[in-house]
Structure formats: structure tokens, C-alpha cells
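Chain by chain, the residues run as shown.
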There are 2 protein chains.
Amino acid sequence: MTGSLVVVGLGPGDLSLVTPEVSAALSVATDVVGYIPYVARVARREGLTVHASDNRAELARASLALDLAAAGRQVVVVSSGDPGVFAMASAVFEALENAPDLHALDIRVLPGITAMLAAAARVGAPLGHDFCAINLSDNLKPWALVERRLRLAVDADFAIALYNPRSLRRPFQFARTLEILREACGPERLITFARAVTTPEEYIDTVTLAEARPEMADMRTVVLVGNSATRRVGRHIYTPRHAA
Amino acid sequence: MTGSLVVVGLGPGDLSLVTPEVSAALSVATDVVGYIPYVARVARREGLTVHASDNRAELARASLALDLAAAGRQVVVVSSGDPGVFAMASAVFEALENAPDLHALDIRVLPGITAMLAAAARVGAPLGHDFCAINLSDNLKPWALVERRLRLAVDADFAIALYNPRSLRRPFQFARTLEILREACGPERLITFARAVTTPEEYIDTVTLAEARPEMADMRTVVLVGNSATRRVGRHIYTPRHAA
């Protein structure tokens, strides 16, 4: 039998945000490959082999998935959120680049609800105008580039979604991010901290930049920074469709 | 009975990309409100009243939805893609701002698969690094601001998703966009045109900026411009997780 590799997004956590397309792909998989907590979200069944690996092992995980597919298995690589947004799809293509003999493999990517969209929906419509998404981790890019992108994003008056804002290994970067944002946007700009969106541990809070503290974010948090027009209406946060 | 308003995203077109959460909301609605082709995607059933309106009538549509909910109806406003990305959620909160007596209404937003994520998945992982989303319509913002954002986005080396690139009413803006991008990114940068993604009319093509022509886009197209590292691997397009 010819193998295949499908890279899927499980959404932010709640089962009701897994698309039927992704559920169907999981139902015919022989092998599921992914980071331990994401693989844990896939129902076990007879005939399904699971390959769970640690964080920061993306490239090894992608290579394993390619090898299994090349050996004829029906492989699903699971990501949280959307696989193409700071998740496994890019790692799979990087591994494919290193394996020219596998370029003809049947590889597909199935989209999912990425964290910023789930978080935005929970509070209203803070991404309702032009916006950008920046991964604050400097594991794969120099920190100076992150700072530069933050300043240009504020210059462009984008609403900004910040992924991977803070971890035990990187405690200082997000504190610096808040400094840059306060300097560039002023103290009144709205910022939403959305932790573990749609899971039982969900915690969401919107404050001003003056009130924001680094400890409000961790690796399970996505942070949404409003543009200059973002405001409250009733219990909601929204960014108008019009320019400020 | 207390009314409610739920703003949902139907995804890019294919039914298998409608989340179970959105399907559940539609199954208990008494009224569905939306732009004609999106309302057409909702299955008719007894007890469901549909309110279909023309494009560019977003604010009137949002006000109607608020009024129906205030009158005790279970209202679902449908958008294509994600309701918070250049769609109806922001218009609903704008209408709410104009109706302070309705601020206590039960309003929720349910996320969906937005066009750029579906398009990106189809070709690989072109949004695999930091990226931005820009609405090219200048109906609600000055064109000079769009040009400024395009230049800053290229400066930041974001991958760029362009929504509403071109319409009969706005034939020149996208031609100008291609000029700006060619000047700022050079002729070899990859650009993906994804029309009517996941529908029977889907047409997707990736070319270089040198080869790109304005006629390759229309209002059903989302355009993805790679960053400086975006490249082909086998049949796929991807942006590495590392900085260029």
C-alpha cells in the first residue's frame, strides 16, 4: 500500500473545534506522530500506533513521519491550532528538503483553528482590521529581529498576535516586549492575555499596556495587542473595520 | 425566551471545514443573517428564518441581527472564513457601539478557518514564519495607508496574506500592489493566488512576482506573498521556521 503523510491542526483544545476533515484523517491513520500533549488528544483505537515525542524535537519528529510514510504507513502529524502557524507543517517541509528521494511522497496539510483566532473570538473581534502574527521565541531567529518586527508592526498600526511569549528558558524576552510596546503605543493600548483557550484551564484577561505584567503570559498563552483604534464595547473588545 | 446573537465562521467553503461548534450553533438558530452566498451555504429547515442581504451592507445586517436578538430570537450571523478576520464580527460590535441599550445582549463569536490558512495548507506552509494579513480594499481606509503597510510588511520580512485583492470597482489597486512588491522584494519572490479555496471552483497557482499579473486575482482570491526565505520543495511551497 502507498503511504501518505497528513499534517493536521487539532485546534486550540476543545473537541468541538476539530474540523470534520481532520477527524476523518485521524480515523484512517495507522500512525499518529506529535508532541506528547497533542498526541494525548487523539483517541486511541486498535490498529493505531502513536509516536509521542518531546517539545523542541520538531525536525526529528518530522523525519520520523516521512520515514513511516515512505514505508507505506498512513501517517498523521498532529499540531495544536493550525499546522501552518508556528507548528509542524514547516518542520515537515524542512525535513523533506533534506530527503530529496522522498519528494514524490503524498503529503497534505489540513488547516485548523489557530490560537489567535480562538482567543480573538472569545473576547470579540480584536483582529478585525489588518494584523500580524509574531512568534516571540528566539530559538530560531535572533532577538534583534523580533524587536525590529515589533517596532515595524506598531509603525504599520497592525493589531499584533504574539505566540510563545514566555517560557522558563526565556523569561526576559516578553518583559522587553512589553517595554517596547509601551514606548511605541503608549500606556492605554489594550492587550489581551488568553491562556489555554477553550480548555478547562482557560483564563483570559484584557488590560492596558500600563497594567500588563510579564507574569501574565506563559507558553500556553497567546497575547493580542490592539491597534490604535481597538476599544471596549460592553463586555467585548473590538477593532473597527475603518482605519483609526 | 432570552435572545442571543452568535457570529460564526463557515470556513472557506467545504463542509468538512465547518467546525462542530458552528454546526451546533446553526442547529439551534431561529434566524440566520448574512450575505447572500454565505446564507446559501446553510441548510434550510422548519423553524429557521433566513435573512440574506447584499454585499457592502454589513452595518445594516449587523443592526438587524442585534434587533432580532433583542426581540428574543436565537440569531446566527454567518461569515465566510473566520468572522473576526475581515468579516462580520467587527461590524456587529460597531453596530453594538451605536446601540448602548443592547450592551447586555448575549453575544458570542465562534472562530472558523479563514481563507489564508486554507490556502496556505493547500500549497504547503507559506505562512510558517512571522506573517501579516492586509485587506487591500480601500472602501474603509485610505489607499495611502495600504501602501504604507505593504512597505512596512516587506521591511519586516513578513510573509503577507492579501484579502479582497481586486474587484470590478477597484481594478487598479492590485496592479499597484504588485508594482510595490516587485520594487521592494525583487522579481523572484514567490506569490500564490488561491481562488475559491476548497470549493469546486478552486484554482491555485504559485508564480514569481516577475510572472504575476493583476488578472490572476479577483474578489474570491486570497493572495499569499512569501518572505525572503520562502521556497519550493518538491510540489510544495514553504517558509522555514528559521529567519532568512
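Residues numbered from 1 in each chain as written. Chains lettered and ligands numbered in written order. Predicted model: local features only at pLDDT ≥ 70, side-chain atom pairs only at ≥ 80, totals over all residues. Heavy atoms only, no water.

Undergrad: Could you give an account of the interface of chain A and chain B, naming the residues involved and the relevant values?
TA: Facing 69 residues of chain A, the contacting portion of chain B comprises 69 residues. Summing the contributions of chain A and of chain B, the shared interface buries around 5800 Å²; its carbon and sulfur component is 60%. The three residues of chain A that bury the most area against chain B are Leu140, Arg149 and Arg241 of chain A, which together make up 13% of that side's buried surface. Glu97 of chain B serves as the salt-bridge partner of Arg231 of chain A, at 2.6 Å between the closest nitrogen and oxygen. Remark: the boundary between chain A and chain B carries 32 residue pairs in polar contact (both at pLDDT 80 or more). For the side of chain A that touches chain B, the element with the most residues is helix 4 (residues 88-97) of chain A, which contributes seven residues. Residues of the side of chain A that touches chain B, tallied by class, amount to 38 nonpolar, 15 polar and 16 charged. (Contact = heavy atoms within 4.5 Å. Buried area = accessible area lost by both parts, 1.4 Å probe. Salt bridge = Lys/Arg side-chain N within 4 Å of Asp/Glu carboxyl O. Polar contact = N/O pair within 3.5 Å; in protein donor to acceptor, adjacent residues only side chain to side chain. Helix = DSSP H or I, 4+ residues; strand = E, 2+ residues; numbered from the N terminus. Nonpolar A, V, L, I, M, F, W, Y, C, P; charged D, E, K, R; others polar.)

Undergrad: Lay out the packing of aromatic side chains with the relevant residues and their values.
TA: We describe a pair of aromatic rings using the distance from one ring centre to the other and the angle between the two ring planes. Tallied over the full model, the rule gives ten aromatic pairs over all chains. Considering the side-chain rings of Phe174 of chain B and Phe193 of chain B, the 6.1 Å spacing of their centres and the 90° angle between planes classify their relative orientation as edge-to-face. Here Phe174 of chain B, found in helix 7 (residues 173-185), pairs with Phe193 of chain B, found in strand 9 (residues 190-195); they are 19 residues apart in sequence, far enough to count as distant. The burial state of Phe174 of chain B is the same as that of Phe193 of chain B; both residues are buried. Taken together, the aromatic side chains of Phe86 and Tyr163 of chain A together with Phe131 of chain B make up a single cluster linked through ring pairs. (Phe/Tyr/Trp six-rings, centres within 6.5 Å; stacked < 30°, edge-to-face > 60°. Buried < 20%, exposed > 50% of the residue type's maximum accessible area, 1.4 Å probe, protein only.)

Undergrad: Please give an account of the packing of helix 3 (residues 58-70) of chain B against helix 4 (residues 88-97) of chain B that cites residues and values.
TA: Residues and elements named next belong to chain B. With their axes 8 Å apart at the nearest point, helix 3 and helix 4 run at an angle of 65° to one another. By the criterion of interaxial angle, the relationship of helix 3 to helix 4 is roughly perpendicular. Crossing geometry of helix 3 relative to helix 4 is assigned as right-handed. Between helix 3, through Glu58, Leu59, Arg61, Ala62, Ser63 and Leu66, and helix 4, the contact on the second element is made entirely by Met88, Ala91, Val92, Glu94, Ala95 and Leu96. Residue composition of the contact of helix 3 with helix 4, by class: eight nonpolar, one polar and three charged. (Axes fitted to C-alpha atoms, helices over the stretch in contact; angles between N-to-C directions. Parallel < 35°, antiparallel > 145°, perpendicular 65-115°, else oblique. Left-handed = near helix turned anticlockwise from the far one by under 90°.)

Undergrad: Give a description of the sheet that holds strand 8 (residues 159-163) of chain B that names residues and reports values.
TA: Pairing in this open sheet of ten strands is mixed, and the strands run 10(A)-9(A)-11(A)-8(A)-7(A)-7(B)-8(B)-11(B)-9(B)-10(B) from one edge to the other. Edge strands, defined here as strands with exactly one partner in the open sheet, are strand 10 (203-208) of chain A together with strand 10 (203-208) of chain B. Across the sheet, the mean angle separating the axes of adjacent strands is 15° when strand polarity is ignored. With five bridges joining them, strand 7 (residues 131-135) of chain A and strand 8 (residues 159-163) of chain A adopt parallel strand pairing. When the bridges of strand 8 of chain A are listed, Asn135 of chain A appears paired with Tyr163 of chain A. Packed onto the sheet, helix 7 (residues 173-185) of chain A meets strand 8, strand 9 (190-195) and strand 11 (221-225) of chain A and runs at close to 170° relative to strand 8 of chain A. (Pairing = 2+ DSSP bridges.)

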